[in-house]
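# Summary of the model geometry
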Amino acid sequence: MATGWEADGGVGPLHGVRVVELAGVIMGPYAGRQLGDLGADVIKVEPPDGDLTRHYPPTRSPGMGVMTLNLNRNKRSVALDLKAPGGREALLALLATADVFLTNVRPQALRRLGLTYEDVAATAPGLVYLNAQGFRSDSALGGHPAYDDVVQAASGLVWLNEQVSGVPYYVPTVLADKICGLVIVQSVLAALHHRDRTGQGQHIEVPMADTMLAFTLVEHLAAATLTPPEGPIGYPRALSSRRTASRTADGWMCLLPYSDRNWRDFFAHVGRPELADDPRFASYAARARNADDLYVLLGELTERHTSAEWQEFCDAAGIPAAPVLSLEEAATSAYAVEGGLLRDAEHPTEGGYRLIGQPVRFGATPAGLHRHCPHLGEHTDEVLAEIGHRPTA
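From a predicted model like this one, the values you see are computed outputs, not experimental measurements.

## A short note on the overall build of the protein chain
- A count of helical and extended segments in the protein chain gives 16 helices and 11 strands.
- Counting only C-alpha atoms and orienting by the principal axes, one finds that the protein chain spans roughly 85 × 50 × 40 Å.
- Burial statistics for the protein chain: of 393 residues in total, 46% are counted as buried.
- In the protein chain, 71% of the contacts between residues at least 6 apart in sequence involve partners at least 24 apart.
- With 33 positive and 46 negative side-chain charges, the protein chain shows a separation of 2 Å between the mean positions of the two kinds.

If you want it as structure tokens, here you go:
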């Protein structure tokens, strides 16, 4: 199946959809990038000094930081000062031609700019208008600023880390921004489907704290799902401080025997078949209750073989397993290279860079690289001419 990551990546499934992105940093631009990868015409509206990620070092030229090269590919850049005469007017003219408006500007700022859903829908009733921010706009926290770390704390993720390690650390990736970016894309696609059937646009709000709390509670609501609760909140297996990668004779592995058969095969392989009948480990429920003991035992038993030997056995036995790779090893592994998940590209002005691939495969309408990341305001004149708008002097 084609990956579609040649420079002429073809027509994606969202070809013909126009998205206006008024968003900065990671969450909104990540969502916009995915829509662009899928073929949408994404017009990134930026302030005169550009999106913040443009200035993250290192850079080869001003405003083209390394993070922006992948976050803002498959987009056109229009620079507008929305506080100056003519800036808001130009944006409204652009929105009148759009299918989707995607923004993570806080609600109070949108009100000051006259860019609320009510303001925009008056002249663009079919528009899918999505705004995302830290907290629900109708809550007491609606006006509070929020970045990824704040949302991790507010949604219980930092507390979960503290339960396991004793340290309230943040997940070492911008998890909330990226998960919420995925939810933004999902929500936009659902609303476009509704509009295709009814002709009706709508307002969508994606609050980050709510999204991440709902995400985290999937397994961690656990015994507290029942009323009255039959135990504390939190998924015991995931909260075991012993749940770590296992040391092998020459490295580290993730070995995850899961079914009863997996565990029987594992215990037999290490010469301890009687452990399969140990009341602590004889069933899924028993293993969940005794997760600490099980993980300690797993760590002791895996040191008997090398990582390669464990992989060979697990593959033959149908036990999920993988060696612990560094991020660089994972990104440059044969698996990643064969799938085009990280490949070399040539930017017209920035030279060689590493392009993060699109992992989803479409049989008929592959996602593709349609244009490299633009410079700030590179397409302002082009886009405004397309919509027949002449800026107010």
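## Here's the deal with the packing of aromatic side chains
- Per the stated rule, a full pass over the model turns up nine aromatic pairs.
- With a centroid separation of 5.2 Å and an interplanar angle of 70°, the aromatic rings of F101 and Y129 are classed as edge-to-face. You can see F101 sitting in strand 4 (residues 100-103) and its partner Y129 sitting in strand 5 (residues 128-133), a full 28 residues away along the chain.
- Measuring from centroid to centroid gives 5.7 Å for W263 and F266, while their planes differ by 80°, and the two rings are edge-to-face. Note that W263 and F266 are positioned in helix 10 (residues 260-269) at a spacing of three residues, about one turn of the helix.
- With relative accessibility at 5%, the residue W263 sits in the buried group.
- A residue is classified by how much of its surface remains accessible, and F266, at 1% relative accessible area, is buried.
- One aromatic cluster is present, built from ring pairs that chain together W263, F266, F267, F281, W310 and F313.

## Regarding the side chain of N74
- The residue N74 is located in the loop between helix 2 (66-71) and strand 3 (75-79) in this model.
- Judged by its relative accessible area of 3%, N74 falls in the buried class.
- Within the structure, N74 has its side chain in polar contact with the backbone nitrogen of H370 (distance 2.5 Å).

## Considerations on the packing of helix 8 (residues 175-198) against helix 9 (residues 208-220)
- Interhelical geometry of helix 8 versus helix 9 gives an angle of 95° and a closest axis separation of 10 Å. Looking at the two axes, helix 8 sits roughly perpendicular to helix 9. Only M208, T211, M212 and F215 of helix 9 make contact with helix 8, whose side of the interface consists of L175, A176, D177, I179, C180 and V183.
- Grouping the amino acids of the contact of helix 8 with helix 9 by side-chain chemistry returns eight nonpolar, one polar and one charged.

## Observations concerning the sheet that holds strand 9 (residues 321-323)
- Across the sheet, three strands lie side by side as 7-8-9; this open sheet has antiparallel pairing. Every interior strand has two partners, whereas the edge strands, strand 7 (246-247) and strand 9, have only one.
- Bridge count for strand 7 against strand 8 (residues 252-255) is two bridges, and the pairing is antiparallel. The residue bridging S246 from the neighbouring strand is M253, located in strand 8.
- Running at roughly 15° to strand 8, helix 13 (residues 307-317) makes contact with strand 8 and strand 9 of the sheet.

## Section: the nonpolar core
- Residues V19, L35 and I184 are the most contacted members of the largest nonpolar core, which totals 34 residues.
- Among the secondary structure elements, those contributing two or more residues to this core are helix 1 (27-37), strand 4, strand 5, helix 7 (157-165), helix 8, strand 6 (202-207) and helix 9.
- With eight residues, helix 8 is the largest single contributor of residues to this core.
- With 25 residues, the next largest nonpolar core counts V45, A98, L110 and V120 among its residues.

## Side note on unusual backbone geometry
- Along the chain, P57 connects to P58 via a cis peptide bond; the corresponding omega equals 0°.
- Within the secondary structure layout, P58 lies in the loop between strand 2 (41-46) and helix 2.
- With an omega of -5°, the peptide bond running from T227 to P228 counts as cis.
- With respect to the helices and strands, P228 occurs in the loop between helix 9 and strand 7.
- Residue V25 is not a glycine yet carries a positive backbone phi of 65°.

## Remarks on the sheet that holds strand 2
- Taken together, the six strands give an open sheet; going across it, the order is 3-2-1-4-5-6, and neighbouring strands pair in parallel fashion. With one partner strand each, in any of the chains shown, strand 3 and strand 6 form the two edges of the open sheet. Within this sheet the neighbouring strands show an average axis-to-axis angle of 20°, counted without direction.
- Where strand 1 (residues 18-22) lies against strand 2, four bridges are found, and the strand directions are parallel. Bridged to R18 within strand 2 is D41.

## What about the pattern of salt bridges?
- Enumeration over the complete set of coordinates arrives at 21 salt bridges.
- Note that D51 is salt-bridged to K44, the shortest N-O span being 3.0 Å. Considered together, D51 and K44 belong to a single accessibility category, that of buried residues.
- Across the pair E382 and R76 runs a salt bridge, and its minimum N-O distance is 2.7 Å. Separated by 306 residues along the polypeptide, E382 in helix 16 (residues 380-386) and R76 in strand 3 bring together distant segments of the chain.
- Note on E382: relative accessible area 37%, which makes it partly exposed.
- Shared partners join several salt bridges into a network, and the residues in it are R18, D41, R76, E382 and E386.

The rules we used
- Residues numbered from 1 in each chain as written.
- Predicted model: local features only at pLDDT ≥ 70, side-chain atom pairs only at ≥ 80, totals over all residues.
- Heavy atoms only, no water.
- Helix = DSSP H or I, 4+ residues; strand = E, 2+ residues; numbered from the N terminus.
- Buried < 20%, exposed > 50% of the residue type's maximum accessible area, 1.4 Å probe, protein only.
- Contact = heavy atoms within 4.5 Å.
- Lys, Arg positive; Asp, Glu negative; His and termini not counted.
- Charge placed at Lys NZ, Arg CZ, Asp CG, Glu CD.
- Phe/Tyr/Trp six-rings, centres within 6.5 Å; stacked < 30°, edge-to-face > 60°.
- Polar contact = N/O pair within 3.5 Å; in protein donor to acceptor, adjacent residues only side chain to side chain.
- Axes fitted to C-alpha atoms, helices over the stretch in contact; angles between N-to-C directions.
- Parallel < 35°, antiparallel > 145°, perpendicular 65-115°, else oblique.
- Nonpolar A, V, L, I, M, F, W, Y, C, P; charged D, E, K, R; others polar.
- Pairing = 2+ DSSP bridges.
- Core = buried A, V, L, I, M, F, W, Y, C linked by side-chain atoms within 4.5 Å.
- Salt bridge = Lys/Arg side-chain N within 4 Å of Asp/Glu carboxyl O.

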